[in-house]
Amino acid sequence: MSDLEWIYGIHAVENALSQQADRIKEVRFQEGRDDKKTQRLMKLCKTNKVRYSLVPRRDLDQLFSKTKERVVHQGVVAYTTMTKAGSEADLHAYVEGLDETPLVIILDGVTDPHNLGACLRSADAAGAHAVIMPKDNSAPLNATVSKVACGAAESMPVYAVTNLARTMKKLQDQGIWIFGTAGEATGTIYEQDLTIPTAIVMGAEGEGMRRLTREQCDYLVKLPMAGVVSSLNVSVATGVCLYEVVRQRAVKAKR
């Protein structure tokens, strides 16, 4: 299977041109578009010596005709080598080399690429060091993830592991404390000290974390729910948890 894929959308293509232009084989623009954003992307293509062309909109639409979901390409697509997830060995070597207090997100069974992309975007914005997910039963790093992540799919270190529970045990051996989010937890995330080396586990919507994942956590925490809904979208919950870590660490840094 080819590692090359068409990515689409202004932000996804712009970030790819800005961060990893050497991976892009070509860019195609919709004929008749001459707005400032398109001009900026064309300038980036010229600067980075990336080949580009102008084609009818129907040609861009045709590229995604077999895609199950509706694709809004915004008049620009790029044919690029997709970012690959690192391995378990890569992950532990990376964690070992960190000179900051680790902050890691573990996604257990997030299969919707929109949710994965949104989680990567939040992780990047909050300064997380890595996102970990199982190789199986997870959304792949594809064009949809890239568009939703707005560049974070290319910048955030992502690791796909064979055995998530084993990986979590190894992270604990490396000094990282693991907090699993679960609706039945007795305490909230706000009651925990997240200034320590931290990994937060987010389970799939509905099912939550798998049993082995849950059992490997050091603590189970929840977000307080005051309304009629029982849970938040996983990407929203990820953002809330991440920024509680950011808040606590900022307070500690000021002391």
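Residues numbered from 1 in each chain as written. Predicted model: local features only at pLDDT ≥ 70, side-chain atom pairs only at ≥ 80, totals over all residues. Heavy atoms only, no water.

**Focus on the sheet that holds strand β4 (residues 76-81)**
Pairing is mixed across the open sheet formed by 4 strands, whose spatial order is β1-β4-β2-β3. Whereas interior strands pair on both sides, the edge strands pair on one side only; in this sheet they are β1 (4-8) and β3 (52-55). Taken pair by pair, the neighbouring strands of this sheet meet at an average axis angle of 25°, ignoring direction. Of the pairings in the sheet, the one linking β1 to β4 comprises 5 bridges and is antiparallel in character. (Pairing = 2+ DSSP bridges. Helix = DSSP H or I, 4+ residues; strand = E, 2+ residues; numbered from the N terminus. Axes fitted to C-alpha atoms, helices over the stretch in contact; angles between N-to-C directions.)

**Side note on the pairing of β4**
In regular strands, side chains alternate between the two faces of the sheet. Direction of pairing for strand β2 (residues 24-30) relative to β4: antiparallel, over a ladder of 5 bridges. Residue pairing for β4: F29 is matched across the bridge by V76.

**Observations concerning the packing of helix α1 (residues 10-19) against helix α2 (residues 36-47)**
In the contact formed by α1 and α2, the axes pass within 10 Å of each other and the chain directions differ by 25°. It follows that α1 is roughly parallel to α2 by the angle criterion. At the point where α1 passes α2, the crossing takes the left-handed sense. Between α1, through I10, E14, L17 and S18, and α2, the contact on the second element is made entirely by K37, R40, L41, L44 and C45. Grouping the constituent residues of the contact of α1 with α2 by class yields 5 nonpolar, 1 polar and 3 charged. (Parallel < 35°, antiparallel > 145°, perpendicular 65-115°, else oblique. Left-handed = near helix turned anticlockwise from the far one by under 90°. Contact = heavy atoms within 4.5 Å. Nonpolar A, V, L, I, M, F, W, Y, C, P; charged D, E, K, R; others polar.)

**Brief notes about the domain arrangement of the chain**
One widely used convention gives an interface's size as the accessible area the parts lose upon coming together. Annotation of the chain at the domain level lists domain 1 (4-81) and domain 2 (88-254). For domain 1 and domain 2, the distance between their C-alpha centroids amounts to 31 Å. Contact with domain 1, which involves 13 residues of that partner, is made by 11 residues of domain 2. Summed over both partners, the interface of domain 1 with domain 2 comes to about 920 Å²; 56% of that surface belongs to carbon and sulfur atoms. Where domain 1 touches domain 2, the interface holds 0 salt bridges. There are 3 residue pairs in polar contact (both at pLDDT 80 or more) connecting domain 1 and domain 2. (Domains from an automatic or database assignment. Buried area = accessible area lost by both parts, 1.4 Å probe. Salt bridge = Lys/Arg side-chain N within 4 Å of Asp/Glu carboxyl O. Polar contact = N/O pair within 3.5 Å; in protein donor to acceptor, adjacent residues only side chain to side chain.)

**Looking at the side chain of T198**
Note that T198 resides in strand β10 (residues 198-203). Within polar-contact distance, the side chain of T198 engages the backbone oxygen of I196 at 2.6 Å.

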